Amino acid sequence: MLKCFCGKESYIKITYPKVKYLCKEHFIEYFENRVKRSIEKFKMLSKDEKILVPISGGKDSHAAAYILKKLGYDIELFHINLGISNFSEISLEKVKELSNFINAKLHVVNLKEITGKTIEDVKGKMCSICGITKRYLMNKFGYEHGFDTIVTGHNMDDELSFMLNNLLGWNIRYLAKHLPVLPAHDKFLKKVKIFYEIEEKYIKAYADTLNIPYTTVKCKYAKKAITIRHREYLNKLEEEKPGIKYHFLYGYLKNRELFEVEKDFKFRECEICGMTSASKICSFCRVWRR
Ligand code: AMP
Ligand code: ZN
Ligand code: ZN
């Protein structure tokens, strides 16, 4: 039987940078230390910042909110009801459960009340529109309610699968942006990914071990996303060659400036909503207000 260093039965195997077997208790400690180290290393957050944590109902954002609360950060929760059948109802339920579980204030907004429509009424690239909508609404809410920072639940696997996708398409502009911290800019709040260096499998284990409420129900429209496939073969590679995902990530950070082609890009204000935008009319207003 494999054992933790403390002598107890092993609960989980850590595969990189060193193979380690840990019991439940030492896994929790290990996980929290890894996140704390990320926060320090990338200067992600300070205790006097007012932090908004947008939560989806899923494990990653729920674990992010849980750990930030536990580490003593000043957080409030934010959820967008997107109106997706067989998904948004259960998400809302879990989000409320989490809010009670960690005793953090929850704000809920409803897409239908804001735009008169739900994501399901959209014709065309639904997932990309959903992404635009979520990013816009979390930023706008945070900006208008005096928050300094937004922390999302994006994990290392999310980041790498998007990075690979942008590499395959040579989307140079987007390749500059896979960072753990995006600084504030005009009406854009600072955005932080506290799980930038943390693999999804460990976040799941953390959430399960601590019985953090979350739903495993996935949005039925996300199935077709190519990034889900990228995630699968990156994980196969990682099994064959432990560390390859980490090298991909840290190599990116070392070489990121290669992609920085728009250093002096001038943002403006959207003519419809007044929020910071790359073009005359922001992508949210282009989708929902035209
Ligand atoms: P996703 O786009 O689903 O991969 O989610 C990325 C991040 O956005 C999550 O980690 C959450 O922090 C946040 N998020 C996703 N869905 C919602 C939602 N319905 N309401 C608020 N935040 C969300
Ligand atoms: Zn132990
Ligand atoms: Zn706008």
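Our subject is the structure listed above.
K.L.:
Go over the coordination of the zinc ion (ligand 2), please, and point to the residues and values.
P.N.:
Put simply, the ideal angle at a metal is 109.5 degrees for four donors in tetrahedral geometry and 90 or 180 degrees for six donors in octahedral geometry. Taken together, the protein ligands of the zinc ion (ligand 2) are Cys4 (SG), Cys6 (SG), Cys23 (SG) and His26 (ND1), with distances of 2.0 to 2.3 Å. The coordination sphere of the zinc ion (ligand 2) comprises 4 donor atoms, whose angles at the metal cover 99 to 114°; the geometry is tetrahedral. Every donor residue of the zinc ion (ligand 2) comes from the same chain, spaced as C-x1-C-x16-C-x2-H. Separated by 19 residues along the polypeptide, cysteine 4 in the segment before strand 1 (12-14) and cysteine 23 in the loop between strand 2 (20-22) and helix 1 (24-41) bring together distant segments of the chain. The residues cysteine 4 and cysteine 23 share a single accessibility class, namely buried.

K.L.:
Could you give an account of the coordination of the zinc ion (ligand 3), naming the residues involved and the relevant values?
P.N.:
Summarising the metal site, the zinc ion (ligand 3) is bound by the protein donors Cys270 (SG), Cys273 (SG), Cys282 (SG) and Cys285 (SG), whose distances to it range over 2.3 Å. Viewed at the metal, the 4 donor atoms of the zinc ion (ligand 3) are separated by angles of 104 to 115°, and the geometry they form is tetrahedral. One chain supplies every donor to the zinc ion (ligand 3), and in sequence these donors are spaced C-x2-C-x8-C-x2-C. For cysteine 285, a relative accessible area of 0% translates into the label buried.

K.L.:
Quick rundown of the side chain of glutamate 159? Include the residues and the values.
P.N.:
Following the sequence through the fold, glutamate 159 ends up in helix 6 (residues 156-168). Apart from the residues lying within four places of it in its own chain, the contact partners of glutamate 159 are His154, His178, Leu179, Lys193 and Tyr196.

K.L.:
Summarise the layout of surface pockets; cite the residues concerned and give the values.
P.N.:
Considering only enclosed or pocket space, the second largest pocket measures out at about 320 Å³ in volume. Looking at the second largest pocket, it is lined by 14 residues, and the ones nearest its centre are Pro17, Arg34, Arg37, Glu197 and Tyr250. Per element, the largest residue contribution to the lining of the second largest pocket is 5 residues, and it comes from helix 1. Residue classes in the lining of the second largest pocket are distributed as 6 nonpolar, 2 polar and 6 charged.

K.L.:
Could you give me a rundown of the pattern of salt bridges, with the residues and numbers involved?
P.N.:
Side-chain pairs of opposite charge can arise whenever the charged atoms involved come near each other. With the rule as written, the count across this model stands at 18 salt bridges. Between lysine 220 and glutamate 120 there is a salt bridge, with the nearest N and O atoms lying 3.3 Å from each other. On the criterion of sequence distance, the pair formed by lysine 220 in the loop between helix 8 (200-209) and helix 9 (226-240) and glutamate 120 in the loop between helix 4 (111-115) and helix 5 (126-144) is long-range, its members being 100 residues apart. In this structure glutamate 120 comes out as partly exposed when scored by relative accessible area, which is 27%. Here lysine 204 ties to aspartate 208 by a salt bridge, and the two come within 2.7 Å at their closest N and O atoms. Linking lysine 204 with aspartate 208, this pair stays in helix 8, spanning 4 residues, or about one helical turn. You can call aspartate 208 partly exposed: its relative accessible area is 31%.

K.L.:
A description of the site of ligand 1 should follow, citing residues and the corresponding values.
P.N.:
Close to ligand 1 lie 13 residues; Pro54, Ile55, Ile80, Lys134 and Gly153 are nearest. Contact distances for ligand 1 include 2.9 Å between a nitrogen atom and a backbone N or O atom of isoleucine 80. Between ligand 1 and glycine 153 there is a distance of 2.9 Å, counted from an oxygen atom to a backbone nitrogen or oxygen. Those elements that place two or more of their residues in the shell around ligand 1 are strand 4 (74-81), helix 5 and strand 6 (149-155).

What counts, and where the lines are drawn
Residues numbered from 1 in each chain as written. Chains lettered and ligands numbered in written order. Predicted model: local features only at pLDDT ≥ 70, side-chain atom pairs only at ≥ 80, totals over all residues. Heavy atoms only, no water. Donors = N, O, S within 2.8 Å, 3.2 Å for Na, K, Ca; no water. Tetrahedral: all angles 85-135°; square planar, octahedral: opposite > 155°, others 65-115°. Helix = DSSP H or I, 4+ residues; strand = E, 2+ residues; numbered from the N terminus. Buried < 20%, exposed > 50% of the residue type's maximum accessible area, 1.4 Å probe, protein only. Contact = heavy atoms within 4.5 Å. 1 Å grid on protein atoms, 1.4 Å probe; cavity = no way out; pocket = protein on both sides within 12 Å on 5 of 7 lines; lining within 4 Å. Points joined across faces, edges and corners; volume = space filled by probe spheres on them. Nonpolar A, V, L, I, M, F, W, Y, C, P; charged D, E, K, R; others polar. Salt bridge = Lys/Arg side-chain N within 4 Å of Asp/Glu carboxyl O. Near = heavy atom within 4 Å. Polar contact = N/O pair within 3.5 Å; in protein donor to acceptor, adjacent residues only side chain to side chain.

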